[in-house]
Every structure is written in structure tokens, then in C-alpha cells.
Amino acid sequence: MRITQINVQGLYGIHHYQIDFVEEACLKIIHAPNGYGKTTVLKLIKEILNGQLGEIREIPFESFSVTFNEGQLIVAVHKEISKLYYKISENEKQTVYEIQGDQNLPQALLQQLQDIEKEMPIYFIDASRLWIERRKEQTEEVVVMPRVLEYAKELGEWMREALAQSNYCGQALDRSFPSRLITYLNNKENRCLSPAEIHQELEDLEKKRRALEGVGLFSALEPIPIGNIETLSEDMQKVLILYIEDSKKKIEAFEVLATKINLLCSLINKRFSYKRMEVNMKEGFVFRVPTHEVLKADKLSSGEQNELILMFQLLFKAPAHAMILMDEPEISLHIAWQQSFLEDMEAIAKLSQIRMMIATHSPDIINGRWELTTGLEEEECDPI
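Structural notes, computed from the coordinates. The residue numbers shown here count from 1 along each chain, following its written sequence. It should be noted that, the model being predicted, local features are given only for residues of pLDDT at least 70 and side-chain atom pairs only at 80 or more, the latter also being counted only at that level, while totals for whole chains, interfaces and linings use all residues. Think of the side-chain values as coming from all heavy atoms in the structure, minus any hydrogens and water.

As for unusual backbone geometry
- Even without being a glycine, Glu-328 presents a positive backbone phi close to 50°.
- For Glu-328, the location among the structural elements is in the loop between strand E14 (323-327) and helix H8 (335-339).
- Although it is not a glycine, Gln-353 sits at a positive phi angle of roughly 55°.
- Secondary structure elements are taken from DSSP: a helix is a run of H or I of four residues or more, a strand is a run of E of two residues or more, and numbering for both begins at the N terminus. The topology assignment puts Gln-353 in the loop between helix H9 (341-352) and strand E15 (355-360).

If you want it as C-alpha cells, here you go:
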């Protein structure tokens with residue numbers, strides 16, 4: 001499921017917009033000067049599809065509709081004084097719900113919106129990204145802390161969880177290894193790989209281990225030479241085959257997390273001058289400077305923290321198949337970073353299977369990709 005069009009009528013009593021999405025593109029950009037409602041459009045998409053009426057009741061508009069590609073599903077909200085109308089249209093069938101005053105949404109409408117949410121979750125990234133509020137367990141006191149430290153802590157926890165899963169898998173495989181080995185050796189129908197194939201499998205396994213070492217999920221160890229596989233008996237070669245299969249299963253617990261960590265480090269390290277991101281299970285991520293000293297993430301500049309938070313949210317926090325609503329990604333970012341921003345977003349979207357709608361002031365973010373944009377001040381449409 002994906003959004004194909006947004007139609008806004010009477011925003012603030014004056015603006016009328018039609019925003020069309022390019023079918024094959026994972027990105028959509030809206031741009032305009034301040035006051036045209038870029039952020040408001042993002043908020044209304046989120047609130048309308050999540051069924052949260054706070055913003056909907058407070059923002060002046062006449063109607064707001066979201067059209068999807070599946071069965072021409074349309075979710076529309078029409079607003080009158082102290083009254084809202086939700087209209088769900090699908091396959092020429094329309095259901096209208098009236099919500100008066102402070103009433104909550106009817107259960108049937110909530111269920112329809114939840115069904116949409118399952119197929120296309122909404123994830124909103126606002127412009128205020130650097131800080132996060134947390135409540136102390138014992139005192140109930142609310143404290144404000146750097147969001148990057150919270151994310152570093154979470155990544156460390158996820159890495160330790162992946163290690164625990166791999167260890168649990170390894171214990172089960174090790175315990176059953178003698179039984180499985182005897183069965184495997186006695187089954188004459190099992191195809192024995194050639195020595196060359198076994199050697200290639202072992203090399204591929206070592207490459208995976210090296211990749212996991214590079215992102216802090218494995219300890220760095222020197223490989224031990226295997227020797228001449230050709231001289232081994234067929235039964236010994238089968239032992240190696242079973243070892244390879246078991247090793248792959250132990251590594252599976254790390255693969256998704258490792259892929260995301262690797263992309264995060266790659267994107268961050270090509271941007272941050274004189275600082276290199278390092279990942280480990282204890283601290284999550286830290287940064288090493290040329291003097292070999294280590295910086296915690298909250299010691300980065302505001303621009304670096306903004307960039308890191310954006311990348312982390314997209315890779316680790318946003319659900320798969322989500323529509324990401326991103327407000328002002330250019331905040332505190334150097335022009336060079338802005339110009340490579342869309343390329344990075346496309347790489348993340350491909351990995352995480354997400355789509356993005358971005359509100360920006362910056363032509364450097366667009367960087368010539370005008371086919372992805374709608375200028376609200378240019379495309380303002382007549383009332384329907």
C-alpha cells in the first residue's frame with residue numbers, strides 16, 4: 001500500500017493543494033516559504049491516519065483527503081464548526097462517520113484506520129530531534145537528555161540481544177551435534193560437496209565473520225588455516241559441511257542488525273570530518289578522533305547529532321513498509337551534506353523498505369531532483 005495523492009482544501013482558509021506522488025519513487029518532497037503549511041500537511045496526514053483528533057480539531061481547514069493505490073482507497077476528513085466527517089471510500093463504496101464536539105472516533109472507523117496502519121505504518125520525524133524526555137522510575141521526575149545517548153544505549157542493548165540469540169542457537173546446535181552428525185554420515189543420499197566447494201563455503205563464512213567484526217558484533221580474531229581439504233576422507237568432509245551449516249545458523253541472528261549498522265557507519269563516516277564512528281556492545285556507538293581519544297555522541301556538534309539521529313531513526317526505529325513524514329531535514333546540516341541527502345535517503349529506503357515525504361526549505365536538499373518535488377507556493381490549486 002502507498003499514497004498516490006494528497007488533496008487539501010481551505011488550509012488556514014486560503015490554501016488549496018494537490019500533491020501527487022511519483023509511482024516508482026520512494027521519495028516525495030514538498031517545499032515552500034514559511035507560512036504555507038508544509039509541516040501542517042505532514043501533521044495532518046499523521047493525525048488523520050492515526051485517528052488522533054488533537055491537531056485535526058485545532059488546525060483550520062475545510063477538507064483533507066489521502067488517496068491510496070489499492071482499490072482507490074480514499075480517507076477524507078471534512079471539517080465544520082464543532083463537527084468532523086470522516087469519509088472512507090473504497091471500490092465505489094463510501095462510509096461516512098460524523099464526529100461531533102469532543103466525541104471519540106467510532107470503533108468501526110478506528111478498525112478501518114488500524115487496518116491501513118498495519119499495511120502502511122506512519123512514522124513522523126519532527127524538526128525538534130536533539131532532546132528526549134524520560135521519567136525517572138523512582139522519583140517520577142521528568143528529565144531531558146540528549147537523544148543520541150538514548151539511541152547509543154538502545155543499539156548496545158540490541159547488539160547484546162543478538163549475541164544472546166546466537167548463543168542460545170549455538171547451545172542447541174552443539175547439544176544435538178553428535179546425533180545430527182551420526183544421522184548425516186549414515187544417510188547415503190546426502191550430497192557431499194567437492195573440496196573446492198567446501199573451501200569456498202569456508203571462505204564465505206570467514207568473510208561474514210570479518211564483516212561482523214567490523215561492526216562490533218564479533219571479537220576480532222586471527223583466522224586459523226584449515227589445511228588441505230582434498231586429503232580428508234569423505235566422512236571428514238561431511239563433518240565440515242555440517243559445521244558450515246551450523247555456523248551459518250549461528251550468524252543469522254546478527255545479519256539484519258549488522259546490515260543496518262554497516263550502512264549507518266558508512267553514511268556517518270563519509271560525512272563526519274576527523275571523527276570515526278565505532279560500534280560496540282557496551283556503549284552502542286562512540287566516536288574516535290585523530291588523537292585516539294573517544295567522544296560520546298552528545299559531544300558531537302548539533303549538525304552531526306541531527307544527521308546521526310535522522311539516520312538512526314530511519315534505519316532502526318521506523319517500521320518496515322512505513323510512510324516516513326520528515327520535517328526540515330536540513331536543520332544544522334552543512335550544504336555538502338544537504339546535497340548528498342537524497343542519495344542517502346534512497347539507500348536507506350531500499351534497505352528498510354520505506355517511503356518518505358519530506359518537507360524542506362532548502363534547494364540544496366533537492367539538489368536538482370525537481371521531478372520528486374511539489375512547490376506549494378507554485379502548485380496551489382483552485383478550490384474543488
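Moving on from the coordinates now.
Notes on a negative patch on the surface
- Patch members must show over 30% relative accessible area and no salt bridge, and they are joined within 9 Å when carrying like charges or within 5 Å when they are nonpolar side chains of Val, Leu, Ile, Met, Phe, Trp or Tyr. Here, Shrake-Rupley sampling with a 1.4 Å probe gives the accessible areas, and only protein chains in the shown set may cover a residue. Whenever Lys or Arg places a side-chain nitrogen within 4 Å of a carboxyl oxygen from Asp or Glu, that contact is recorded as a salt bridge. Here the positive residues are Lys and Arg and the negative ones are Asp and Glu; neither His nor the chain ends is included. Charged side chains are reduced to one point each, which is NZ for Lys, CZ for Arg, CG for Asp and CD for Glu. Judged by side-chain charge, Glu-70, Glu-90, Asp-115 and Glu-119 come together as a negatively charged surface patch.
- Counting through the fold element by element, Glu-70 comes out in the loop between strand E4 (63-68) and strand E5 (74-80).

Re the sheet that holds strand E11 (residues 276-280)
- Between any two strands, at least two bridges found by DSSP are needed for them to pair. Reading across from one edge, E11-E12-E13 is the order of the three strands in this open sheet, with antiparallel pairing throughout. Lying at the two open borders of the sheet, with one neighbouring strand each, are E11 and strand E13 (294-295).
- Across the sheet, helix H6 (residues 234-269) lies against E11 and strand E12 (284-288), angled at about 160° from E11, the strand it touches most. Between two residues, a contact is recorded if the distance between any of their heavy atoms is within 4.5 Å. Convention adopted: a line fitted to C-alpha atoms gives each axis, helices being fitted over their contacting stretch, and angles between N-to-C directions are expressed from 0 to 180 degrees.

Things to note about the sheet that holds strand E16 (residues 373-375)
- With respect to topology, five strands assemble into an open sheet ordered E8-E14-E15-E3-E16, the strand pairing being parallel. Looking at strand neighbours, the two that pair on one side only are strand E8 (122-125) and E16, the edges of this open sheet. Averaged over all neighbouring strand pairs, the angle between strand axes comes to 15°, with direction disregarded.
- Across the face of the sheet, helix H7 (residues 302-317) comes into contact with E8, E14 and E15 while running at roughly 165° to E8.
- Across the sheet, H9 touches strand E3 (27-31), E14 and E15, and the angle it forms with E15 is around 155°.

Notes on the pairing of E5
- As judged from the five bridges shared by E4 and E5, these two strands associate in the antiparallel manner. In the strand pairing of E5, Val-66 is matched with Val-75.
- In the sheet, E5 pairs with strand E6 (residues 83-90) via seven bridges, with the strands oriented antiparallel. Among the inter-strand pairings, Val-75 is bridged to a residue of E6, identified as Ile-88.
- In this structure, the hairpin formed by E5 and E6 is closed by a connection of two residues, where Ser-82 is found at a positive phi of approximately 60°.

Notes on the packing of aromatic side chains
- The criterion for an aromatic pair is that two Phe, Tyr or Trp rings (for Trp, the six-membered ring) have centres within 6.5 Å, with stacked assigned to planes under 30 degrees apart, edge-to-face to planes over 60 apart and tilted to the rest. Overall, the coordinates contain nine aromatic pairs when judged by the stated rule.
- Taken together, the ring pairs in this structure connect Tyr-151, Trp-158, Phe-272, Phe-285, Phe-287, Phe-312, Phe-316 and Trp-337 into an aromatic cluster.

Things to note about the packing of helix H5 (residues 195-214) against H6
- For the pair H5 and H6, the least separation of the axes is 10 Å and the interaxial angle reads 25°. Overall, the two elements H5 and H6 adopt an arrangement that is roughly parallel. Regarding H5 and H6, the two cross each other, and that crossing is left-handed. On H6, the residues that touch Pro-195, Ile-198, Glu-201, Leu-202, Leu-205, Lys-208, Arg-209 and Leu-212 of H5 are Gln-237, Leu-240, Ile-241, Tyr-243, Ile-244, Ser-247, Lys-248, Ile-251, Phe-254, Glu-255 and Ala-258.
- Class assignment of the residues belonging to the contact of H5 with H6 gives a composition of 12 nonpolar, two polar and five charged. Here the word oblique covers every angle except those under 35 degrees (roughly parallel), over 145 (roughly antiparallel) and from 65 to 115 (roughly perpendicular). Each crossing is labelled by how the near helix is turned from the far one, with a counterclockwise turn of less than a right angle marking it left-handed and a clockwise turn marking it right-handed. For this classification, the nonpolar set comprises Ala, Val, Leu, Ile, Met, Phe, Trp, Tyr, Cys and Pro, the charged set comprises Asp, Glu, Lys and Arg, and every other residue, Gly included, is treated as polar.

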